[in-house]
Amino acid sequence: PRRARGLISPQNNNMFSSRPAASSLGRPAALVAQRRLSTASPLTCILEERRGPVGLITLNRPKALNALSPTLVRELVQEVKRFDADPEIGAIVVTGSGDKAFAAGADIKAMQPLSYMDMHKARLFGELDEL
């Protein structure tokens with residue numbers, strides 16, 4: 001069964017604002033230090049962590065403005081499903097690394113060599129339908 005999700009931000013949750021900021025993005029120093037990659041399968045495009053009842057997923061391709069590549073989308077869906085299955089997680093927050101963009105959209109470089117039919121047949125971002 002699907003659970004309702006809410007957006008948590010520094011403005012509406014004291015869990016974020018009670019710690020000193022580590023960067024210009026306002027992320028707590030302890031948070032930055034505790035980020036880890038999942039041990040189930042190595043993540044290359046996202047970071048994930050748990051902060052109390054909140055699952056935090058960070059798109060981590062700042063040089064590409066966090067553009068959505070097939071690998072990033074696959075990892076994002078995997079981690080959202082994992083957090084959603086955890087009864088101790090009450091909210092899932094997705095954020096982006098870097099200071100220029102949350103996500104620039106689809107990764108055009110990954111799509112460039114593919115024809116329309118290749119992308120259609122491969123359902124390049126079809127995994128997002130599972131969310």
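In this text, all values refer to a predicted model and were calculated from it rather than measured experimentally.

Cut-offs and rules
- Residues numbered from 1 in each chain as written.
- Predicted model: local features only at pLDDT ≥ 70, side-chain atom pairs only at ≥ 80, totals over all residues.
- Heavy atoms only, no water.
- Helix = DSSP H or I, 4+ residues; strand = E, 2+ residues; numbered from the N terminus.
- Expected span 1.5 Å × (residues − 1).
- Contact = heavy atoms within 4.5 Å.
- Buried < 20%, exposed > 50% of the residue type's maximum accessible area, 1.4 Å probe, protein only.
- Pairing = 2+ DSSP bridges.
- Right-handed = clockwise from strand over helix to strand, strands pointing away.
- pLDDT = per-residue confidence, 0-100.
- Phe/Tyr/Trp six-rings, centres within 6.5 Å; stacked < 30°, edge-to-face > 60°.
- Lys NZ or Arg CZ within 6 Å of the ring centre and 35° of its normal.

A. Local environment of helix α3 (residues 70-85). Here α3 is 16 residues long and its end C-alpha atoms lie 23 Å apart, about the 22 Å a rise of 1.5 Å per residue gives. For α3, the elements touching its buried residues are β1 (46-51), β2 (54-59) and β3 (91-96).

B. Representation of the pairing of β2. The buried fraction of β2 is high, at six of six residues. Every second residue of β2 is oriented toward a common face, with V54, L56 and T58 on one face and G55, I57 and L59 on the other, all of them buried. With antiparallel pairing between neighbouring strands as the criterion, β1 and β2 make up a hairpin whose turn holds two residues, including G52 at a positive phi of roughly 60°. Handedness of the crossover joining β2 and β3 through α3 is recorded here as right-handed.

C. Layout of the confidence of the model for the protein. Averaged over the protein, the pLDDT score is 76; the fraction of residues at 70 or greater is 69%. Mean pLDDT in the protein bottoms out at helix α1 (residues 14-17), which sits at 36, and peaks at β2, which reaches 97. Every residue in residues 1-39 is under pLDDT 50, and counting partners more than four places away or in other chains gives 65 contacts.

D. Structural view of the packing of aromatic side chains. A full pass over the atoms with the stated rule returns zero aromatic pairs. The ring centre of F83 lies 4.7 Å from the NZ or CZ of R82, which sits over that ring.

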